Amino acid sequence: MGVINTTPDSFSDGGTLYRHSRLDLDSAMARAREMVLAGAAILDVGGESTRPGAEPVSVQEEMDRVLPVVERIAAELEVVISVDTSSPALMRAAAASGAGLINDVRALTRSGALQAAAATGLPVCLMHMQGEPAGMQLAPQYVDVVTEVRDFLINRVAACERLGIVRERLLLDPGFGFGKSVAHNLQLLNGLPDLASLGLPLVVGLSRKSIIGKLLGRDVEQRLPASLALAVMAVERGAAIVRTHDVEATADAVAMWSALQELGTR
Ligand code: 8Y4
């Protein structure tokens, strides 16, 4: 799963005068095309910055950023489009524009989100987060992070099923970096088999995240080697889908793990 950001802090001029320009759309499309050629099966398109400390954006702003990108990818590329949103209105609009997956870092907890996701008929990735992006990294607290994340996800699966979203449509994600300390993230990575045992596909996002910065002292543009190591460790522990900014390198790293897995059949 390749990450296509449409937020002004990740492309465009980063200014408050941000509007969708042709150039923004073209550069998002160029990155999308490159990721598909590199082997991405899914592209995750988001318009809300969920980085630690990020301020919320309006739903209108989010829609204006995301929908043109979803429409153009649907028209031009052969790939599943994931819409990274917690907004019911955007879930419905993105589904109508060709999205094939809802990726909600709030696990459909916003008012109306369960109903909207159910109405689209799309698969949904339910992610765990403690708190909200504005304050989630200040003092994350767990007694047992693996059990608490697991119980949260089990409860969200049940909430989905009550609305008619069948298990076959659900994916789960522990939400690395979303209200977790370094130790919590490491415990979750090692405990992934306990989440995989729930029987639903696991999505993991570790690419360039601050756990790497905190452990290794690397700036965000120097986090690729550690991101690849984390991706392989996650797949080894049961992850089915890896969300990444670096599709080609991640596909290579995981392909080497796969080759070793297939040793027995050679
Ligand atoms: C550098 C670059 C440092 C990016 C941090 C980040 C996940 C996700 C995000 C995830 C799922 C991010 C939307 C955070 N992370 N969705 N979204 N799982 N399912 N931060 O882990 O990439 S955004």
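Preceding this paragraph is the structure being described.
All of these numbers come straight from a predicted model, not from anything done at the bench. (Residues numbered from 1 in each chain as written. Predicted model: local features only at pLDDT ≥ 70, side-chain atom pairs only at ≥ 80, totals over all residues. Heavy atoms only, no water.)

Peer 1: Can you help me understand the site of the ligand in this one?
Peer 2: The full set close to the ligand counts 15 residues, and Asn 103, Asp 173, Arg 208, Lys 209 and Arg 243 are the nearest of them. For the ligand, a nitrogen atom lies 2.8 Å from a polar atom in the side chain of Asn 103. Contact between the ligand and Lys 209: an oxygen atom at 2.7 Å from a side-chain N or O atom of the residue. For the ligand, the accessible surface in isolation is 520 Å², of which the surrounding protein chains cover 91%. Taken together, the residues that form the shell around the ligand break down as 5 nonpolar, 4 polar and 6 charged. (Near = heavy atom within 4 Å. Polar contact = N/O pair within 3.5 Å; in protein donor to acceptor, adjacent residues only side chain to side chain. Areas by Shrake-Rupley, 256 points an atom, 1.4 Å probe, with all protein chains shown as cover. Nonpolar A, V, L, I, M, F, W, Y, C, P; charged D, E, K, R; others polar.)

Peer 1: So what exactly am I meant to see when it comes to the side chain of His 184 here?
Peer 2: Summarising the element assignment, His 184 is placed in helix H6 (residues 182-190). Its relative accessible area of 11% is what places His 184 among the buried residues. Among the polar contacts listed, one links the side chain of His 184 to the side chain of Ser 181, at a separation of 2.9 Å. Setting aside anything within four residues of it in sequence, one finds His 184 in contact with Pro 140, Gln 141, Tyr 142 and Val 145. (Helix = DSSP H or I, 4+ residues; strand = E, 2+ residues; numbered from the N terminus. Buried < 20%, exposed > 50% of the residue type's maximum accessible area, 1.4 Å probe, protein only. Contact = heavy atoms within 4.5 Å.)

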